[in-house]
Amino acid sequence: MTTPLRLGIAGLGTVGIGVVKIIQAHADLLTERSGRPVVISAVSARSRSKDRSADLSGYAWETDPVALATRDDVDVFVELMGGADGPAKDATEAALDVGKDVVTANKAMLAHYGQELAQTAEAQGAVIRFEAAVAGGIPVVKALTEGLAGNEIRRVMGVMNGTCNYILTRMESSGLPYEDVFEEAKQLGYLEADPTLDVGGIDAGHKLSLLASIAFGTQVAFDAVELEGIQRISIEDIHHAADMGFKIKLLGVAQMTGRGLEQRMSPCLVPATSPLGQLDGGTNMVVMEGDAVGQIVLRGAGAGEGPTASAVMADILDIARGYRISTFGKPAARLTPAKAAKATAPAPYYLRMELQDKPGALAKIATVLGEAGISIDRMRQYGHARESAPVLIVTHKTTRDSLDHALSGFAATQVVMGEPVAIRIEEV
Ligand code: HSE
């Protein structure tokens, strides 16, 4: 087949320009691999006059992304504008309504509207592909949907926000507090326009909800992701965790339990020697566990022009090759509503508290833990310059309910100063 595959690209930011550059640089390679030329018919972006690092003169310009998405000379609408609602969603729906395929990097849009968009696509005989929406250049959607298609997936987890991983690892290496490193990341341009998307865990939560849908055959349920950001992680905890052999990561975990689908995106401790523990800087890592395959670990750049454009191109080439697959790996009508697990699976916890330095204080804490049915695995008390002593406890596995019970018990002892810190330790 030599009919070209014709693209309409909406959004000419970092990723859009990256896609244009790959298509211009690798035209022959792409044709050889897919059996047909991949060409750009038209592009669209907010500002036409902006200076961009690629030659766009050969492409028609549309000011309205909906007009771009529905052009007769566009076979695939490539949505790289971002934003859950607004122009991105309008143009995606417009493309699907006229039966055009969509390739998108838009995790927010799919996290909120994935199910309805998948249904529209299937009703129109179109496909939606979104490799670039999760973990940038890492081909994790393909791995889960295709490479592991023969497995019952046990658990999917990972570090899927490079900015948070940069902040946490930089805090550890520099000894600087969160606020200073946040400012540094901002100056370096690492943060989204709305930084809460990054540091509040929302961006990573969007990604986790998409992987969970594929892994467990459930409708995307972003609202059911238990979200906690990294804003409250202190440099003390980073140092103490390191001292106990752990790293703190903004870790996403999705698993199907007897109680339903558990989806968490929150700071966790992981062993410093584990692949996740060794992940430094802005890199992403996704860990997948299947009943037949065991554990698979994928690591790579989660953002940036080349990596994200690389993922967009993989989807475009699949479409050029005639490979068509349901959005979340099985027909949208067969995805089941996710029953959200309210309580999380038991885990060990890291506790840090300031104890009054007086006889019996530690005994009171140990008693509260014992009465809550929580067993202590390890404990460490540090030198006390003031009237209080920092105490670290690593518990054996316990439920969040028991832990909450113990935390309120601590308050009643009147020997704990300030709020104790409790962070889950994930077995990875
Ligand atoms: N802001 C994200 C990150 C990339 O830092 O990983 C886009 O999802």
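Residues numbered from 1 in each chain as written. Predicted model: local features only at pLDDT ≥ 70, side-chain atom pairs only at ≥ 80, totals over all residues. Heavy atoms only, no water.

Some thoughts on the side chain of Thr163
Spelled out, the test is: The numbering of helices and of strands both runs from the N terminus, where a helix is a DSSP run of H or I of at least 4 residues and a strand a run of E of at least 2. As used in this structure description, the phrase polar contact means that two N or O atoms lie within 3.5 Å; if the pair is within protein, one of them must be able to donate a hydrogen and the other to accept it, and residues adjacent in sequence are counted only when both atoms belong to side chains. Whether two residues touch is decided by their heavy atoms; if any such pair falls within 4.5 Å, the residues are in contact.
Along the chain, the position of Thr163 falls in helix α7 (residues 162–174). A distance of 2.9 Å separates a polar atom in the side chain of Thr163 from the backbone oxygen of Tyr190. In contact with Thr163, other than residues within four places in its own chain, are Tyr190, Leu191 and Asp198.

Focus: the pattern of salt bridges
How we decide: Note on definitions: salt bridges are taken to be side-chain nitrogens of Lys or Arg within 4 Å of carboxyl oxygens of Asp or Glu. Only protein chains enter the calculation, and the probe is 1.4 Å; a residue is then buried if its accessible area is under 20% of its type maximum, exposed if over 50%, and partly exposed in between.
Taken as a whole, this structure holds 27 salt bridges when the rule is applied. Asp315 serves as the salt-bridge partner of Arg129, at 3.5 Å between the closest nitrogen and oxygen. Residue Arg129 is located in strand β6 (residues 128–129), and its partner Asp315 is located in helix α12 (residues 305–321); the two are separated by 186 residues in the primary sequence. There is no split in this pair, since Arg129 and Asp315 are both buried. Residues joined in a network through salt bridges with shared partners are Arg155, Arg259, Glu262, Arg264, Glu289, Arg424 and Glu426.

A look at the site of the ligand
Filter applied, for reference: Any residue with a heavy atom lying within 4 Å of a molecule or strand is counted as near it. Only the protein chains shown count as cover for residues, with accessible areas throughout obtained via the Shrake-Rupley method and a probe of 1.4 Å. Think of it as three bins: nonpolar holds Ala, Val, Leu, Ile, Met, Phe, Trp, Tyr, Cys and Pro, charged holds Asp, Glu, Lys and Arg, and polar takes everything else, Gly as well.
In the neighbourhood of the ligand, the contacting residues comprise Lys107, Asn161, Gly162, Thr163, Glu192, Asp198, Asp203, Lys207 and Ala303. Interatomic distance of 2.7 Å between a side-chain N/O atom of Asp203 and an oxygen atom of the ligand. In the complex, 88% of the free accessible area of the ligand, which totals 260 Å², lies under the protein chains. Elements represented by at least two residues in the shell around the ligand include exactly α7 and α10 (202–216). Classifying every residue of the shell around the ligand gives 1 nonpolar, 3 polar and 5 charged.

Here's the deal with helix α4 (residues 87–97)
Where α4 is concerned, the buried positions are Ala88, Lys89, Ala91, Thr92, Ala94, Ala95 and Leu96. Its buried side turned inward, α4 meets α3 (65–69), β4 (76–79), β5 (101–104), α5 (107–123) and β6. Just downstream of α4, Gly99 is the residue with a positive phi angle, here 80°.

Quick look at the pairing of strand β11 (residues 283–290)
For clarity, the threshold we go by: Two strands pair if DSSP finds at least two bridges between them.
Taking burial as the measure, the 8 residues of β11 include 8 buried ones, the bulk of the element. Burial of the side chains of β11 extends over both faces: Thr283, Met285, Val287 and Glu289 are buried on one face and Asn284, Val286, Met288 and Gly290 on the other. Pairing analysis gives 6 bridges linking strand β7 (residues 153–159) to β11, with the strands arranged antiparallel. Residue pairing in the sheet places Val159 in a bridge with Met285 of β11. As judged from the 8 bridges shared by β11 and strand β12 (residues 294–301), these two strands associate in the antiparallel manner.

A word on the sheet that holds β11
How we decide: The convention used is that axes are lines fitted to C-alpha atoms, helices contributing only their stretch in contact, and that angles between N-to-C directions extend from 0 to 180 degrees.
Read across the open sheet, the 6 strands follow the order β8-β10-β9-β7-β11-β12; overall the sheet is mixed. In this open sheet, the two strands that pair with only one neighbour each are β8 (226–227) and β12. Lying on the sheet, helix α11 (residues 235–243) is in contact with β9 (246–257) and β10 (260–271); it crosses β9 at an angle near 80°.

Limitation: the analysis is restricted to geometry and does not speak to function.
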